[in-house]
Amino acid sequence: MISSSMKDIRSRVATALAASSNPRLRFIQVELDEDHENTVCLSGRVSTFYQKQLAQELVRSIDSDVEVRNDLRVDGTA
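This section reports on the structure supplied with the text. All of these numbers come straight from a predicted model, not from anything done at the bench.

Side note on the pattern of salt bridges
Any two side chains of opposite charge can pair, so long as their charged atoms come close to each other.
Point 1. Here the structure, examined in full by the defined rule, presents 5 salt bridges.
Point 2. Asp33 is paired through a salt bridge with Arg69; the nearest N and O atoms lie 3.1 Å apart. Here Asp33 is found in the loop between β1 (29-32) and β2 (39-46), whereas its partner Arg69 is found in strand β3 (residues 67-74), with 36 residues between them in sequence.
Point 3. We classify Arg69 as partly exposed; its relative accessible area is 38%.
Point 4. Close ionic contact of Asp71 with Arg69 constitutes a salt bridge, the shortest N to O distance being 2.8 Å.
Point 5. Given a relative accessible area of 37%, Asp71 falls into the partly exposed group.
Point 6. Members of the salt-bridge network, linked through shared partners, are Asp33, Arg69 and Asp71.

Below you can see the structure in the form of structure tokens.
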């Protein structure tokens, strides 16, 4: 079962990405890994490796104890 604190972190990450000044980050999907407690999963497509890392670091800035599974695909045409 996913804890309420993890649900809060997921919500904070999704809100921060949606409010990003970088338009590609606004379309990233944020989920919680039900098999691995304390893990946030990012998925979707971004244009650059920099955007992929930016999204990952955003999660860490919200809670440094959270694990990040970064499944974002870099697609230069995204």
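Digging into the packing of helix α1 (residues 4-18) against helix α2 (residues 49-62)
Point 1. Between α1 and α2, the shortest axis-to-axis distance is 10 Å and the interhelical angle comes to 135°. In terms of orientation, α1 lies oblique with respect to α2. Crossing of α1 over α2 shows right-handed handedness. Seen from α1, the contacting residues are Ile9, Arg12, Val13, Ala16 and Leu17; seen from α2, they are Ala55, Leu58, Val59 and Ile62.
Point 2. Residues of the contact of α1 with α2, tallied by class, amount to 8 nonpolar, no polar and 1 charged.

Thoughts on α2
Because each turn of an α-helix spans 3.6 residues, side chains separated by three or four positions in sequence point in the same direction.
Point 1. Here α2 is 14 residues long and its end C-alpha atoms lie 21 Å apart, about the 20 Å a rise of 1.5 Å per residue gives.
Point 2. Turning to α2, its buried residues are Gln51, Lys52, Ala55, Gln56, Leu58, Val59 and Ile62. Considered in projection along α2, the buried side chains sweep an arc of 150° and stay on one side of the axis. Turned more than 90 degrees from where α2 packs its buried face, Phe49, Tyr50 and Ser61 sit exposed.
Point 3. As for α2, its buried residues are in contact with α1, β2 and β3.

Looking at empty space enclosed by the protein
Point 1. Within this structure, the stated rule accounts for 1 cavity of 30 Å³ or more.
Point 2. Considering only enclosed or pocket space, the largest cavity measures out at about 50 Å³ in volume.
Point 3. If you trace the largest cavity, you find it lined by Ile2, Ser3, Met6, Leu32, Asp33, His36, Glu37, Asn38 and Thr39.
Point 4. For the lining of the largest cavity, a count of residues per class yields 3 nonpolar, 4 polar and 2 charged.

Cut-offs and rules
Residues numbered from 1 in each chain as written. Predicted model: local features only at pLDDT ≥ 70, side-chain atom pairs only at ≥ 80, totals over all residues. Heavy atoms only, no water. Salt bridge = Lys/Arg side-chain N within 4 Å of Asp/Glu carboxyl O. Helix = DSSP H or I, 4+ residues; strand = E, 2+ residues; numbered from the N terminus. Buried < 20%, exposed > 50% of the residue type's maximum accessible area, 1.4 Å probe, protein only. Axes fitted to C-alpha atoms, helices over the stretch in contact; angles between N-to-C directions. Parallel < 35°, antiparallel > 145°, perpendicular 65-115°, else oblique. Left-handed = near helix turned anticlockwise from the far one by under 90°. Contact = heavy atoms within 4.5 Å. Nonpolar A, V, L, I, M, F, W, Y, C, P; charged D, E, K, R; others polar. Expected span 1.5 Å × (residues − 1). Arc of directions from axis to C-beta. 1 Å grid on protein atoms, 1.4 Å probe; cavity = no way out; pocket = protein on both sides within 12 Å on 5 of 7 lines; lining within 4 Å. Points joined across faces, edges and corners; volume = space filled by probe spheres on them.

Everything listed here is a matter of coordinates, which is why it stays silent on function.
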